[in-house]
Amino acid sequence: MALDGSEPIAGARRAARRYMTEVQAVHGLPVSDRVMGMVELVVSELVTNAYKYVPGPCLLELEIGDGVVEVSVWDTDPTLPAACPTDPSRPGQHGLEIAMAVCRSFELRREPVGKRVKVTMGLADDPGGDPAGRML
């Protein structure tokens, strides 16, 4: 999904929710409410970073496979972002920290044009009660 218009971040969140709802309704794959919210949060954070720091277009891709959802955001700047050191008193700039904390995997890579940030998240919470997310 190419993102443009006056509300690309809100549009990205709506697209993520619509996609995850389809995953459940059409394909019958379980998606916990927590994961639904986390996917929206991660999409929002990654797309916000792309729009805040990079001039030019942004592309959001969502894909399901092997019990996970893969969220990928591409933009035109080849500079790889770095998470800031944890600082609860710092206003803002917590997007990468959030994504890294709630995802199973986190990948940054340069592309022939720009870069791609790709994360994976489990579709359902662990049967033992542990929340989906980073496997320890």
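The rules behind these values
- Residues numbered from 1 in each chain as written.
- Predicted model: local features only at pLDDT ≥ 70, side-chain atom pairs only at ≥ 80, totals over all residues.
- Heavy atoms only, no water.
- Buried < 20%, exposed > 50% of the residue type's maximum accessible area, 1.4 Å probe, protein only.
- Helix = DSSP H or I, 4+ residues; strand = E, 2+ residues; numbered from the N terminus.
- Pairing = 2+ DSSP bridges.
- Core = buried A, V, L, I, M, F, W, Y, C linked by side-chain atoms within 4.5 Å.
- Axes fitted to C-alpha atoms, helices over the stretch in contact; angles between N-to-C directions.
- Left-handed = near helix turned anticlockwise from the far one by under 90°.
- Contact = heavy atoms within 4.5 Å.
- Nonpolar A, V, L, I, M, F, W, Y, C, P; charged D, E, K, R; others polar.
- Parallel < 35°, antiparallel > 145°, perpendicular 65-115°, else oblique.

**Student:** Hey, could you run me through the pairing of strand E3 (residues 68-75) in this one?
**Tutor:** Within a regular beta strand, the side chains point alternately toward one face of the sheet and then the other, so they alternate between its two faces. The element E3 is largely enclosed, with a buried count of seven among its eight residues. Strand direction decides the pairing type here: strand E2 (residues 58-65) and E3, joined by eight bridges, are antiparallel. Counterpart to glycine 65 in the pairing with E3 is valine 68. Counting the residues that bridge the hairpin from E2 to E3 gives two residues, and of these aspartate 66 lies at a positive phi of roughly 50°. Pairing analysis gives eight bridges linking E3 to strand E5 (residues 115-122), with the strands arranged antiparallel. In the strand pairing of E5, valine 69 is matched with methionine 121.

**Student:** Would you mind showing me how to read the nonpolar core here?
**Tutor:** One broad rule of soluble globular proteins: the nonpolar side chains tend to lie buried together. With 27 residues, the main nonpolar core has Val39, Val42, Val43, Leu46 and Val71 as its most contacted residues. The set of elements that each furnish at least two residues to this core consists of helix H1 (8-25), helix H2 (33-53), E2, E3, helix H3 (95-102) and E5. Looking at this core, the element that brings in the most residues is H2, giving eight residues.

**Student:** What is the right way to read the packing of H2 against H3 from this model?
**Tutor:** The packing of two helices is summarised by the inter-axis angle and the distance between the axes. The contact between H2 and H3 brings their axes to 9 Å, and the two run at 145°. Relative to H3, H2 is oriented so that their crossing is left-handed. Here H2 contributes Met38, Leu41, Val42, Glu45, Leu46 and Asn49 to the contact with H3, which in turn contributes Gly95, Leu96, Ile98, Ala99 and Val102. The class makeup of the residues in the contact of H2 with H3 is eight nonpolar, two polar and one charged.

**Student:** Sorry if this is basic, but what is going on with the packing of H1 against H2 here?
**Tutor:** Packing of H1 against H2 brings their axes to within 9 Å, and their N-to-C directions diverge by 150°. Relative to H2, H1 is oriented roughly antiparallel. Viewed along their axes, H1 and H2 form a crossing whose handedness is right-handed. On the side of H1, the interface is formed by Pro8, Ile9, Ala12, Arg13, Ala16, Arg17, Met20, Thr21 and Gln24, while H2 contributes Met36, Val39, Glu40, Val43, Ser44, Val47, Thr48 and Tyr51. When its residues are assigned to classes, the contact of H1 with H2 shows ten nonpolar, four polar and three charged.

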